[in-house]
Every structure is written in C-alpha cells, then in structure tokens.
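Secondary and tertiary structure notes
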Amino acid sequence: MSASSHRCQFCPSCSPFGRCAKREVPLVTNKELDNPEFIRDVREYMADLPVSSWAMLDYLLDGYRDFQGWVYHPLTGAHLFLDIDEVIECDHREWFRDLCRPIPPETKPFLRPATRDRFRVAATILRLMDRKGTAHWGLRAANDNEPSA
C-alpha cells in the first residue's frame, strides 16, 4: 500500500506518511498540573458535562476506548497508552463526586500528590474526546481590555 493511501479520511491536512495531527493528543504535563487555572478549567468542564459523577468513570473509559488516535508524550513525541488503572483503582465515586464540582472563584485549586496521575489520565481523556472545547484550559488573557481606573 502506498503512503498516500494512508491519508485520513476526515481532514485534508494529513501528511503523506499517515500522520494525522488531529488524531494525536498530548498527555497532560506536569506544568499543566501545577497550574491552578488549568485545574479549575478541567473541573468546571467536568461539572458542565451532562454526566453524573456516578457515571463519569464509564464516560471516560468509553471515550478512551472509542478514540481512534494516539496519546503522545509532549516532550519525547513517543506514543503511549494511558494507565487507566490509575482511575479504576481509586475510590472513584467519592473522587468523581468531588472532582465534578466547580471551584469557588476565591479558592486556589491544587492537586494532592496522590491524585496527580489520576487527574492527568482523566484530563487527557477529556482532552482527546473534545479537542476544541479543551484547547484553552489553563490559559487566561494577558489583557482583559478593560479601561484602567
């Protein structure tokens, strides 16, 4: 089979070698996990989903199962599989119950060390399920365009 026959049927921008950027999603990085605004955005996104905290685990597992692409490490570019056990083996009902609540604006969110990898997996899966809706997680405008007082 020639290289050109591997092109993605969904987008015209695929490389002739079969690499489709729209089917590759970066793993959530440590830098993102250290960003309180990123954590806030992920939690608000989860709270806005039409999925109960009780059904969130199945929602994430189904989304990862149905993804027809690759998760890659942003520093090395290597393709990898997510460690789903991080999410499955936790007491997921309580964790998702707390995670699916929005954070008050006056609270600075953070992740406990024990939950970082679990949060990384969940956020990466949400990212691969909705690339467009999650593209601005953790980003804030440098200038809010409001006149100074």
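Quick note: structure is the one above.
Let me sum up the structure you'll find in this document.

Cut-offs used in this document
- Residues numbered from 1 in each chain as written.
- Predicted model: local features only at pLDDT ≥ 70, side-chain atom pairs only at ≥ 80, totals over all residues.
- Heavy atoms only, no water.
- Helix = DSSP H or I, 4+ residues; strand = E, 2+ residues; numbered from the N terminus.
- Buried < 20%, exposed > 50% of the residue type's maximum accessible area, 1.4 Å probe, protein only.
- Contact = heavy atoms within 4.5 Å.
- Axes fitted to C-alpha atoms, helices over the stretch in contact; angles between N-to-C directions.
- Parallel < 35°, antiparallel > 145°, perpendicular 65-115°, else oblique.
- Left-handed = near helix turned anticlockwise from the far one by under 90°.
- Nonpolar A, V, L, I, M, F, W, Y, C, P; charged D, E, K, R; others polar.
- Salt bridge = Lys/Arg side-chain N within 4 Å of Asp/Glu carboxyl O.

1. Quick look at the environment of Ala-123
- Here Ala-123 shows up in helix α6 (residues 116–129).
- Taking the relative accessible area as the measure of exposure, Ala-123 reaches 0% and is therefore buried.
- Residues Ala-123 and Tyr-45, 78 residues apart in the sequence, show an inter-C-alpha distance of 9.8 Å.
- Sequence-distant contacts of Ala-123, defined by excluding residues within four places in its chain, comprise Val-28, Phe-38, Val-42 and Trp-137.

2. With respect to the packing of helix α2 (residues 36–48) against α6
- Packing of α2 against α6 leaves a shortest axis separation of 11 Å and a crossing angle of 60°. Classed by the angle they form, the pair α2 and α6 counts as oblique. Judged by the sense of rotation from one axis to the other, the crossing of α2 with α6 is left-handed. Contact residues: Phe-38, Ile-39, Val-42, Arg-43, Tyr-45 and Met-46 in α2; Phe-119, Ala-123, Leu-126 and Arg-127 in α6.

3. Structural notes on the packing of helix α3 (residues 56–66) against α6
- At a closest axis distance of 9 Å, the pairing of α3 and α6 adopts a crossing angle of 55°. If you check the angle between α3 and α6, you find them oblique. For the element pair α3 and α6, the recorded crossing hand is left-handed. When α3 is examined against α6, the residues Tyr-59, Leu-60, Gly-63 and Tyr-64 are found in contact with a partner set consisting of Ala-122, Ile-125, Leu-126, Leu-128 and Met-129.
- Class assignment for the residues of the contact of α3 with α6 results in 8 nonpolar, 1 polar and no charged.

4. Some thoughts on the pattern of salt bridges
- The tally for this structure, following the rule as stated, stands at 10 salt bridges.
- Put simply, Glu-32 and Arg-127 hold a salt bridge, and the shortest N to O gap is 2.7 Å. Taken together, the positions of Glu-32 in helix α1 (residues 30–33) and Arg-127 in helix α6 put the pair 95 residues apart, joining distant regions of the chain.
- In this structure, Asp-98 and Arg-97 form a salt bridge, with 3.2 Å as the shortest nitrogen-oxygen distance.
- You can call Asp-98 partly exposed: its relative accessible area is 34%.
- Taking relative accessible area as the criterion, Arg-97 reaches 37% and is therefore assigned partly exposed.
- The network of salt bridges with shared partners includes Glu-37, Arg-40, Asp-41 and Arg-140.

What is shown is where atoms sit, not what they do.
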